[in-house]
Amino acid sequence: MDDAWPETVNGWELAREGHIENYRKRLANRVTVTAMWENGTGRGRVDARTEPLGGGRTLTSSRKDFRDKNAFWTAATCVLEMAANLPSLDWHTSPAPTALAGTVAGMVEAEPGTSGYPEAELTFTLTEGHTVTLVMTDEQAFDLSNSISRLDHHVWSEEREDEEEDEEDEEDEDYDEPVAVEEVPDVSEVRSGPDSGHDLVTVLEERFGVTEDNLLAHVDWSALIVVGEPEVSSLIERGGELTDAVAPRWYPVVADRPGERWVVLKRTGLRYQGE
């Protein structure tokens with residue numbers, strides 16, 4: 001069966017039939033994602049199915065008409081991410097290898113991606129000899145950086161502080177000069193803005209009374225849209241407060257729609273059609 005998929009492209013198995021490209025990715029949870037692209041027509045299809053070979057019950061599928069192949073791959077990525085987060089469907093054998101776990105040897109290599117999109121490639125070498133390369137979107141890389149910063153604070157900062165105190169004690173033994181102590185500013189009231197789309201939903205509900213009934217979200221959480229009255233008018237009146245509350249990861253704009261107005265909260269650092 002695998003002989004029918006002779007090529008591999010960005011981790012997808014590929015089989016060509018004339019102007020049609022068939023892609024397949026088999027996941028460790030026994031879900032198989034298949035994608036078909038017709039060159040020159042702007043048509044394609046992406047499915048996530050329960051059977052390891054891709055012929056079982058359909059769990060989800062994408063639309064069939066796309067603006068271009070980039071839009072097709074965006075849909076394929078969304079379906080793949082959804083399928084990868086599903087629990088195992090308990091087939092007897094898995095068509096994909098299970099996750100690797102081990103100790104990282106040496107440094108982690110971090111390089112820009114090669115697909116033409118904003119992405120990062122992180123390469124880990126494990127002590128048992130495996131080399132694992134992870135391709136991450138710009139949003140995933142940003143969130144990973146924030147998570148590592150928080151992890152650094154909770155796991156390693158205390159040890160560094162102890163080392164610095166030991167060094168200071170050694171210096172104090174050599175020098176009797178008094179050490180000036182600077183007043184530490186009070187940061188107990190400082191708040192950082194929401195990070196993820198779910199954090200943003202929480203801020204809107206707790207501080208502005210906007211519930212999920214008034215929210216629309218892009219599938220990739222690049223923007224969150226508030227619709228309906230009086231919520232939209234209230235947010236516009238409190239525009240300065242809203243901007244401060246969602247910064248720096250988000251910024252609000254007002255969109256005039258036929259017969260209504262929307263407040264659109266966009267993720268910073270991304271460009272949108274028409275901008």
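Structure's up top.
Residues numbered from 1 in each chain as written. Predicted model: local features only at pLDDT ≥ 70, side-chain atom pairs only at ≥ 80, totals over all residues. Heavy atoms only, no water.

Some remarks on the overall build of the protein chain
For the protein chain, the count of helices and strands is five helices and 13 strands. For the protein chain, the proportion of its 275 residues judged to be buried stands at 29%. For the protein chain, the share of sequence-separated contacts (at least 6 apart) that also reach a separation of at least 24 residues comes to 39%. Counting only carbon and sulfur atoms, one obtains 50% of the accessible surface of the protein chain, whose full area is about 18600 Å². (Helix = DSSP H or I, 4+ residues; strand = E, 2+ residues; numbered from the N terminus. Buried < 20%, exposed > 50% of the residue type's maximum accessible area, 1.4 Å probe, protein only. Contact = heavy atoms within 4.5 Å. Areas by Shrake-Rupley, 256 points an atom, 1.4 Å probe, with all protein chains shown as cover.)

Regarding the sheet that holds strand β12 (residues 250-257)
Across the sheet, which stays open at both edges, the four strands sit in the order β10-β11-β13-β12 with antiparallel pairing between neighbours. Each edge of the open sheet is held by one strand with a lone partner, namely β10 (215-217) and β12. The sheet shows a mean angle of 25° between the axes of neighbouring strands, taken without regard to direction. In the sheet, β10 pairs with strand β11 (residues 223-226) via three bridges, with the strands oriented antiparallel. Within the sheet, the bridge partner assigned to Ala217 lies in β11 and is Leu224. Strands in contact with helix α3 (residues 197-208) are β10, β11, β12 and β13 (260-267); relative to β11, the strand with the most contacts, it is inclined by about 25°. Along the sheet, helix α5 (residues 239-246) contacts β12 and β13; its crossing angle with β12, the most-contacted strand, is approximately 135°. (Pairing = 2+ DSSP bridges. Axes fitted to C-alpha atoms, helices over the stretch in contact; angles between N-to-C directions.)

Brief notes about the sheet that holds strand β9 (residues 131-137)
Overall, antiparallel pairing links the three strands, which are arranged β7-β8-β9 in an open sheet. At either end of the open sheet lies a strand with only one pairing partner, and these are β7 (109-112) and β9. Neighbour to neighbour, the strand axes of the sheet diverge by 20° on average, direction disregarded. When strand β8 (residues 119-125) meets β9, the two strands line up antiparallel, connected through seven bridges. Counted as the bridge partner of Glu119 is Thr137 from β9.

Describing unusual backbone geometry
Between Glu229 and the following residue, Pro230, the backbone shows a cis peptide bond with an omega angle of 5°. Structurally, Pro230 can be placed in the loop between β11 and α4 (231-237). Cis rather than trans, the peptide bond between Ala247 and Pro248 has omega equal to 0°. With respect to the element layout, Pro248 can be found in the loop between α5 and β12.

Observations regarding the nonpolar core
In this structure, Trp12, Val33 and Val46 are the most contacted members of the largest nonpolar core, which totals 18 residues. Counting residues per element, the ones that place at least two in this core are β2 (12-17), β4 (32-38), β5 (43-49) and α1 (69-84). Broken down by element, this core gets its largest block of residues, seven residues, from α1. Counting 17 residues, the second largest nonpolar core, distinct from the first, contains Leu200, Phe208, Leu224 and Val263. (Core = buried A, V, L, I, M, F, W, Y, C linked by side-chain atoms within 4.5 Å.)

Considering the pattern of salt bridges
One side chain can pair with another of opposite charge once the charged atoms of both are near each other. One pass over the structure, following the stated rule, counts nine salt bridges. With its nearest N and O atoms 3.0 Å apart, the salt bridge here joins Arg24 to Glu13. Taken as a pair, Arg24 in strand β3 (residues 20-26) and Glu13 in strand β2 lie far apart in primary sequence, 11 residues in all. In this structure Arg24 comes out as buried when scored by relative accessible area, which is 1%. The exposure class of Glu13 is buried, given its relative accessible area of 15%. In this structure, the salt-bridge partner of Glu21 is Lys69, at a minimum N-O distance of 2.8 Å. Of this pair, Glu21 sits in strand β3 while Lys69 sits in helix α1, and the two are 48 residues apart along the sequence. Take Glu21: its relative accessible area is 7%, and that puts it in the buried class. Judged by its relative accessible area of 27%, Lys69 falls in the partly exposed class. Residues joined by salt bridges that share partners form a network here, namely Glu7, Arg16, Glu21 and Lys69. (Salt bridge = Lys/Arg side-chain N within 4 Å of Asp/Glu carboxyl O.)

A look at the side chain of Arg267
Structurally, Arg267 is set in strand β13. Looking at Arg267, its side chain comes within polar contact range of the main-chain oxygen of Asp195, at 3.4 Å. (Polar contact = N/O pair within 3.5 Å; in protein donor to acceptor, adjacent residues only side chain to side chain.)

Side note on α5
Residues Leu242, Ala245 and Val246 constitute the buried set of α5. Along the axis of α5, the buried positions cluster into a sector of 85°, meaning they face one direction only. Buried-residue contacts for α5 involve α3, α4, β12 and β13. (Arc of directions from axis to C-beta.)

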